[in-house]
Amino acid sequence: MTRTRKPGVSRRATLAMMGAGAVTFATPWVARAQAKTIKVGMPTILSGRVAQLGTSSRNGVMLEVEKVNAAGGLAGRQVEMVIRDSKGQPQEAARVSRELVNTDGCELLIDAEASSGAFAVHEVARDLGVLCLHTNSETSALTADPKQHIPNAFRTARQGVHDSIVGGSYAAAIAKAKGLKKWATCSPDYAYGRDTTGEYVTYLKRFAPDVEIISESWPKLFQPDYTEVVTKILQAKPQALYSCLWGGDLTSYIDQANIYALFSQMEVFAVNMADYTALTVVKNLPKGIHSGNRYIKTYPATSENAAWGDAYKAKYNEYPTNWSWENATAIMLLAEASKKANSVDGKKIAEALRGLKIKSPFGADGTVTMRAEDQTLVGYAIGWGTTIPQEPYVPQVQAGDWKTIFELEAEWKKTKGYT
Amino acid sequence: MDLDALTGCLASSACLVTQTTSGFIIGMLLFLVAVGLTLIFGVLKVVNFSHGAFYMFGAYFAMTAYQYTGSFALAMLCGAAGTALLGLIFERVFMSRVYGSDVLMQLLVCYAFVLIFDDVVRMIWGQEFKSMGMPAAFQVAPLFIAGGVVPPYYLLLIGVALVAAVILGLGLARTRIGKVIRAAAHNPGMVSALGINTGLIYGGVFALGGMLAGLAGALAAPVRSLTPGMGFSVLIESFIVTVIGGMGSILGALIGAILIGMIRSFGSLGFPLFTEGLMYLFMVIVLVSRPTGLFGKEVA
């Protein structure tokens, strides 16, 4: 039996037409999908005593997102930030993060929480598998402890142990020169305060073994009144005081300690002092407080850093904070990683982020690196100096040496059982 | 626990002076907030959960007035008078509508206003923390009394609070208005039947309570950072003071506040990790042994 071709449109032609039609109709969808914005979720603290830092985190991010979008976005997709207030509460930070991913359709997370909330967001990232960049938490354990490690979480913030190595060696030199043997500590009672103080004391004693801690105070986070803490320190009569209080807590503490003339009775080392948040808010800033650099536009003393600080000031009418540069760095790294991976897929970006080195206004040598082994930022500018009550606030900063930081950090990890 | 530090302090006159003053500072500030709370409860029978907001407004009003005038006295006056006016408006427009309602309803209304007031502050002054700064007159070296350190500003703070306590106590006990207020607290129906405007009394008491909290906020403004929501933690401690002293008792508020101040001050030496817990433990002990508080009266 032979088949005879029927007149009309052949099956092949019909299929071809259907295919062409499908392509024609689908093209706008594909184009639209490609042009679709990529939503990046960001829980941060927008109310309460540290709201200024949360706002400055948002500002830091938005400053860079605008540049990224102007340059074509992440792998061709415009970035849309979805920013929510966690009120500084861990349970709220976790809830908001989950909602940002599950309900709002965010494909990436920037966790702009303090350490109190960062660990909660970290667990959400662990559970959902979404790429998460911790931008503010400086508690070393967040990335140094292998038990915390997940392949999809990175940190673009300072790390407490780095600050403590530099700060401890800086303080030890002064302690030895001035004979400061009796020390007191006063730090907030949560992960960051406890960890950072412990690490600082470790390195202070390592470089100045005669030092003795004669008084410890652990006010709770956001405590309104420090009177009993101030008087307790006065009773102990230390020669020097270390504190990692920050933000509104630090300014409250300074205001209350000032009227007891505490700062004239001992040498004070406050790691978080040299940040515009505290420097500009405190009305009667004591002279000669030792502080680590947080964000000041004069350190690192480069035109790139000064330009970034001025651009921020021009846009938001105030100077950036430590949290601003840490959040800006997250976007800078995301942009570079996305370019390298040519994708916005979280796994591909994570792959590209490991070991990624980028040019940065905040780098000690003009670059910062996302260290592959523990997925944390290294190479940022880190140093200590003393305050004066007006700009540039910390006129001379002694730079920390990253070679020493790496050596001592490796030792520290061994002692903690992290390696 | 560091009992050596505590016993060492108790044996040292310098330490005793410093820590006792510190206890009074904490206590007197708490007293000013708690006494308003207890007064409002005593007369209006309302647990004013929004009371901390008046402390917050007092601080912000004082800071703003200080920024514009540079006068500390005017700043204190604005803090107190501004919150008195706010209290009066709040009572007449909103709170007067929930008198006699279920306690839960009163709490819900008050809590709603805690959030609303925080947002109002956020809208007016911004959400970042502020600092008023210490007036130049008080930027002086602390006094050394028997070796103990006492800042002059805190002496002023303690003095103002004590004067407020005396005026309030005498005013309620000796003046005609005070007697009417006490009568209204005891039997508002009878007071009303005698032709006295109880609405005016209620509004006045609420304004007075708000004013005292506002004064506390104004006095705290030079030494505490100002932020929306700052009234909440003060409110919790004030509730503890009020409960310990006995709801409705002014003397109870004074004694309760001083006790809490001393617990915090000396507790920070002997029990540095349990100072907060010590405060709550004390409250539990008082309530177990005397459920109406130290100076509270049994409700028939």
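Everything quoted here is computed from the prediction, not taken from an experiment.

Quick notes on the rules
Numbers given for residues are sequential positions, taken from 1 along each chain in its written order. Lettering for chains starts from A, numbering for ligands starts from 1, and both go in the order in which the items are written. Local features in this predicted model are restricted to residues whose pLDDT is 70 or higher, and side-chain atom pairs enter the listing and the counts only when it is 80 or higher, whereas totals over whole chains, interfaces and linings include all residues. For side-chain calculations, the full set of non-hydrogen atoms in the structure is used, while hydrogens and water are omitted. Secondary structure is summarised from DSSP: a helix means a run of H or I of at least four residues, a strand means a run of E of at least two, and numbering begins at the N terminus for each. Here the globule rule is a power law, 2.2 Å times the number of residues to the power 0.38, and the radius of gyration is based on C-alpha atoms. Where accessible areas are quoted, they stem from the Shrake-Rupley method and a 1.4 Å probe; at the residue level, only the protein chains shown are allowed to cover. The sign given to each residue is positive for Lys and Arg and negative for Asp and Glu; His and the chain ends receive no count. To locate a charge, take NZ of a lysine, CZ of an arginine, CG of an aspartate or CD of a glutamate. Per-residue accessibility, obtained with a 1.4 Å probe over protein chains only, is compared with the maximum for each type, and a residue is labelled buried under 20%, exposed over 50%, and partly exposed between these values. A contact between two residues is defined here by any heavy atoms of the two lying within 4.5 Å. Any carboxyl oxygen of Asp or Glu that lies within 4 Å of a side-chain nitrogen of Lys or Arg is treated as forming a salt bridge with it. Buried area counts how much accessible surface, traced with a 1.4 Å probe, disappears from two parts once they are put together, with both parts' losses summed. As used in this structure description, the phrase polar contact means that two N or O atoms lie within 3.5 Å; if the pair is within protein, one of them must be able to donate a hydrogen and the other to accept it, and residues adjacent in sequence are counted only when both atoms belong to side chains. We call Asp, Glu, Lys and Arg charged. Ala, Val, Leu, Ile, Met, Phe, Trp, Tyr, Cys and Pro are nonpolar, and the rest, Gly among them, are polar. Here, the term nonpolar core denotes a set of buried Ala, Val, Leu, Ile, Met, Phe, Trp, Tyr and Cys residues that are joined through side-chain atoms within 4.5 Å. Here is the rule: rings of Phe, Tyr and Trp (six-membered ring for Trp) pair when centre to centre is within 6.5 Å. Planes less than 30 degrees apart are stacked, more than 60 are edge-to-face, and the remainder are tilted. By definition, being over a ring means that NZ of Lys or CZ of Arg is both within 6 Å of the ring centre and within 35 degrees of the ring normal. Patch membership needs two things, relative accessible area over 30% and no salt bridge, and members are linked within 9 Å if like-charged or within 5 Å if nonpolar (Val, Leu, Ile, Met, Phe, Trp, Tyr). Think of pLDDT as the predictor's per-residue confidence, scored from 0 to 100. In plain terms, two cysteine sulfur atoms within 2.5 Å form what is called a disulfide here. Two strands pair if DSSP finds at least two bridges between them.

## Re the overall build of chain B
Here's step 1: On a plain count of helices and strands, chain B comes out with 12 helices and 2 strands.
Here's step 2: Scanning chain B from its N terminus toward the C terminus, one meets helices and strands in the order α-α-α-α-α-β-β-α-α-α-α-α-α-α.
Here's step 3: Taken over C-alpha atoms, the radius of gyration comes to 19 Å for chain B, in line with the 19 Å a tight globule of 300 residues would show.
Here's step 4: If one aligns the C-alpha atoms of chain B with their principal axes, the spans along those axes are about 60 × 50 × 35 Å.
Here's step 5: Of the accessible surface of chain B, which amounts to about 12,400 Å², a share of 73% is contributed by carbon and sulfur atoms.
Here's step 6: On chain B, the mean spot of the 13 positive side-chain charges and the mean spot of the 10 negative ones are 17 Å from each other.

## Here's the deal with the overall build of chain A
Here's step 1: Scanning chain A from N- to C-terminus turns up 15 helices and 16 strands.
Here's step 2: C-alpha extents for chain A along the principal axes are approximately 110 × 45 × 40 Å.
Here's step 3: The 419 residues of chain A split such that 60% are buried.
Here's step 4: The average position of the 48 basic charges and that of the 42 acidic charges among the side chains of chain A differ by 8 Å.

## Topic: the side chain of Ser 22 of chain B
Here's step 1: Within the fold, Ser 22 of chain B resides in helix α2 (residues 13-44).
Here's step 2: Leave out the neighbours within four places in its chain, and Ser 22 of chain B touches Thr 227, Glu 228, Thr 231 and Tyr 260 of chain A together with Ser 265 of chain B.

## Structural notes on the pattern of salt bridges
All names here are of chain A.
Here's step 1: What the rule picks out here adds up to 29 salt bridges over all chains.
Here's step 2: Residues Glu 138 and Arg 294 are paired through a salt bridge, measuring 2.6 Å at the closest nitrogen-oxygen approach. Here Glu 138, found in the loop between β4 (131-134) and α5 (141-144), pairs with Arg 294, found in strand β11 (residues 290-295); they are 156 residues apart in sequence, far enough to count as distant. The exposure classification of Glu 138 matches that of Arg 294, with both residues buried.

## Structural notes on the interface of chain A and chain B
Here's step 1: Taken together, the contact pairs 33 residues of chain A with 35 residues of chain B.
Here's step 2: Summing the contributions of chain A and of chain B, the shared interface buries around 3,000 Å²; its carbon and sulfur component is 54%.
Here's step 3: When the area that chain A buries against chain B is broken down by residue, the three leading residues are Glu 228, Gln 235 and Ile 259 of chain A, summing to 22%.
Here's step 4: If you look at where chain A meets chain B, you find 3 salt bridges.
Here's step 5: Put simply, chain A and chain B have 9 residue pairs in polar contact (both at pLDDT 80 or more) between them.
Here's step 6: Every element with two or more residues in the side of chain A that touches chain B is listed here: α2 (51-70), α8 (227-236), α9 (247-258) and α11 (276-281) of chain A.
Here's step 7: The class makeup of the residues in the side of chain A that touches chain B is 9 nonpolar, 15 polar and 9 charged.

## Concerning the nonpolar core
Here's step 1: Ranked by internal contacts, the top residues of the largest apolar core, which has 209 residues, are Trp 183, Tyr 253, Leu 262 and Phe 269 of chain A.
Here's step 2: It is α2 of chain B that contributes the most residues to this core, 16 residues altogether.
Here's step 3: Val 101, Val 121, Val 130 and Ile 150 of chain A belong to the second-largest nonpolar core, a separate cluster that totals 13 residues.

## Focus on unusual backbone geometry
Here's step 1: In this chain, Tyr 299 of chain A is followed by Pro 300 of chain A through a cis amide linkage whose omega measures 0°.
Here's step 2: With respect to the secondary-structure elements, Pro 300 of chain A resides in the loop between β11 and α12 (303-316).
Here's step 3: Geometrically, the link from Glu 391 of chain A to Pro 392 of chain A is a cis peptide bond, its omega value of 5° lying close to zero.
Here's step 4: On the secondary structure map, Pro 392 of chain A appears in the loop between β15 (383-386) and β16 (397-399).
Here's step 5: Residue Lys 237 of chain A is not a glycine yet carries a positive backbone phi of 50°.
Here's step 6: Relative to the assigned elements, Lys 237 of chain A resides in the loop between α8 and β8 (240-243).
Here's step 7: Look at Lys 237 of chain A and you get exposed, because its relative accessible area is 60%.
Here's step 8: In this structure, Lys 45 of chain B is a non-glycine residue whose phi angle is positive, near 55°.
Here's step 9: Mapped onto the elements, Lys 45 of chain B comes out in the loop between α2 and α3 (51-69).

## Overview of the packing of aromatic side chains
Think of a pair of aromatic rings as described by two things: how far the centres are apart, and how the planes are tilted against each other in angle.
Residues and elements named next belong to chain A.
Here's step 1: Scanning the model with the defined rule gives 43 aromatic pairs over all chains in all.
Here's step 2: A ring pair is formed by Tyr 190 and Tyr 192, whose centres lie 6.2 Å apart and whose planes are at 50°; its orientation type is tilted. Across the pair, Tyr 192 and Tyr 190 agree in class, each one buried.
Here's step 3: Aromatic pair Trp 246 and Trp 323: ring centres 5.5 Å apart, planes at 40°, arrangement tilted. Of the two residues, Trp 246 is situated in the loop between β8 and α9 and Trp 323 in helix α13 (residues 322-341); the sequence distance between them amounts to 77 residues.
Here's step 4: For Trp 246, a relative accessible area of 7% corresponds to the buried category.
Here's step 5: Cluster of aromatic residues (ring-pair linked, three or more members): Tyr 276, Tyr 295, Trp 308, Tyr 312, Tyr 316, Tyr 319, Trp 325, Phe 362, Tyr 380, Tyr 393, Trp 402 and Phe 406.
Here's step 6: Arg 194 extends its terminal NZ or CZ atom over the ring of Trp 218, reaching a point 4.0 Å from the ring centre.
Here's step 7: One Lys or Arg, Lys 313, reaches over the ring of Tyr 319 and ends 5.1 Å from the middle of that ring.

## Focus: a nonpolar patch on the surface
Residue and element names in this part refer to chain B.
Here's step 1: Side chains of Leu 85, Leu 88, Ile 89, Val 93 and Phe 94 sit close together on the surface and give an oily, nonpolar patch of about 410 Å² of accessible area.
Here's step 2: As for its placement among the helices and strands, Ile 89 is situated in helix α4 (residues 72-93).
Here's step 3: Residue classification places Ile 89 among the partly exposed positions, given a relative accessible area of 45%.

## Concerning the confidence of the model for chain B
Here's step 1: Counting all residues, the mean pLDDT for chain B is 90, and 99% of those residues have values of 70 or more.
Here's step 2: With a pTM of 0.77, the predicted complex shows an ipTM of 0.78.

## Topic: the state of the cysteines
Here's step 1: Inspection of every chain in the model, using the stated rule, returns 1 disulfide over all chains.
Here's step 2: The thiol sulfur of Cys 106 of chain A is not disulfide-bonded, and the nearest other cysteine sulfur, from Cys 132 of chain A, lies at 12 Å.

## Examining the environment of Leu 3 of chain B
All names here are of chain B.
Here's step 1: Secondary-structure assignment places Leu 3 in helix α1 (residues 3-10).
Here's step 2: On the basis of relative accessible area, Leu 3 is assigned to the partly exposed category, the value being 40%.
Here's step 3: Along the backbone, Leu 3 and Glu 237 are 234 residues apart, and their C-alpha atoms lie at a distance of 25 Å.
Here's step 4: Apart from residues no more than four positions distant in its own chain, Leu 3 is found in contact with Gly 270 and Phe 271.

## A closer look at the pairing of β15 of chain A
All names here are of chain A.
Here's step 1: Across 3 bridges, β11 lies against β15 in antiparallel orientation. When the sheet's bridge partners are listed, Ser 291 is paired in β15 with Gly 385.
Here's step 2: Relative to β16, β15 runs antiparallel, the two being bridged by 3 bridges. Across the sheet, residue Gly 383 finds its bridge partner in β16, namely Ala 399.

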